[in-house]
Amino acid sequence: SGVAVGANIQVGTVEIAGVERSGVLIGTLGASWRPNSQSSFGFRWQMPTWQRWGPLSIDRPTSFTVGVARSVSDNVTLSAQSAVRRWKMVGPSIGLEMQAHRRLVIRAGWSDDPARLSGGFGISVGGIELNYGLRGHPYLSSTHSLGITYVLPKFNRITDLDTR
C-alpha cells in the first residue's frame, strides 16, 4: 500500500491564423492511494485558467478528476478517469503504461475531452518521478506536460493516473 502527492505544469502555445503565437500555463495538484499491489485510486484538482489571444479566448474552469488504475501483468497497467467541470461529467480518458526498465515507464492514452491521443514517459530516481507527456489539442496544437512527483518515504511508487 502507499500514498503519493504531486504537482503538474502544462505549457502550450497558440497560433491564430498562422500569425499570432502565445502561451498558456495550467497547474494541477493530485494524490493517489494504492490499497494493494495491483490497484490504485487517485484524484486531481486543476486550477482555472483564462487566456485571451486576439479574437480567441480560452476559459478553462476548475476541474476535479477521479481515476483508477489496475496492473494487468508485471509491467503493464491500464487506467481510466473522468472529470467534473462546471458541474458536468466530462471524459472518459483511458491509458496504458508499460514498465520498459526499472526506472523508465512509457505511456499512451486517449481522451474524449476533447478527443485526442497522447504519449509520454516517466523516469524514477530515488523518491522523485519526472514525467513528460505530449498530446494534440484543437486550440493549443501540441501540448507538452511536465510533472514531478515526490513519493513519500516507506511507500511504493504509485502509477500516475493522468493519461499522458
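Residues numbered from 1 in each chain as written. Predicted model: local features only at pLDDT ≥ 70, side-chain atom pairs only at ≥ 80, totals over all residues. Heavy atoms only, no water.

1. Thoughts on the overall build of the protein
Here comes step 1: Of the regular secondary structure elements, the protein holds zero helices and 12 strands.
Here comes step 2: Put simply, the protein runs from its N terminus to its C terminus through helices and strands in the order β-β-β-β-β-β-β-β-β-β-β-β.
Here comes step 3: Sorting the 164 residues of the protein into buried and exposed places 40% on the buried side.
Here comes step 4: Partitioning the intrachain contacts of the protein with sequence separation of at least 6 by distance along the chain shows that 38% fall at a separation of at least 24.
Here comes step 5: Accessible surface, the protein as shown: approximately 9200 Å² in total, 65% of it carbon and sulfur. (Helix = DSSP H or I, 4+ residues; strand = E, 2+ residues; numbered from the N terminus. Buried < 20%, exposed > 50% of the residue type's maximum accessible area, 1.4 Å probe, protein only. Contact = heavy atoms within 4.5 Å. Areas by Shrake-Rupley, 256 points an atom, 1.4 Å probe, with all protein chains shown as cover.)

2. What about the pairing of strand E11 (residues 128-137)?
Here comes step 1: Alternating residues of E11 divide into Glu129, Asn131, Gly133, Arg135 and His137, all buried, and Ile128, Leu130, Tyr132, Leu134 and Gly136, none buried.
Here comes step 2: Bridging between E11 and strand E12 (residues 141-151) involves 10 bridges; their strand directions are antiparallel. Paired with His137 across the strands is Ser141, a residue of E12. (Pairing = 2+ DSSP bridges.)

3. A closer look at the environment of Gly126
Here comes step 1: For Gly126, the location among the structural elements is in the loop between strand E10 (115-125) and E11.
Here comes step 2: Linking Gly126 and Val151, residues 25 residues apart in sequence, is a C-alpha distance of 8.7 Å.

4. Quick look at the pattern of salt bridges
Here comes step 1: Considering all chains together, one arrives at one salt bridge under this definition.
Here comes step 2: Across the salt bridge formed by Arg107 and Glu97, the nearest N and O atoms sit 2.7 Å from each other. You can see Arg107 sitting in strand E9 (residues 104-112) and its partner Glu97 sitting in strand E8 (residues 88-101), a full 10 residues away along the chain. For the pair Arg107 and Glu97, one class covers both residues: buried. (Salt bridge = Lys/Arg side-chain N within 4 Å of Asp/Glu carboxyl O.)

5. Structural notes on the packing of aromatic side chains
Here comes step 1: Applying the stated criterion across every chain yields a total of three aromatic pairs.
Here comes step 2: Ring centres 5.7 Å apart and planes at 45° place the aromatic pair Phe121 and Tyr132 in the tilted group. With Phe121 in strand E10 and Tyr132 in strand E11, this residue pair connects regions lying 11 residues apart in the sequence.
Here comes step 3: Here Phe121 falls in the partly exposed class, since its relative accessible area comes to 35%. (Phe/Tyr/Trp six-rings, centres within 6.5 Å; stacked < 30°, edge-to-face > 60°.)

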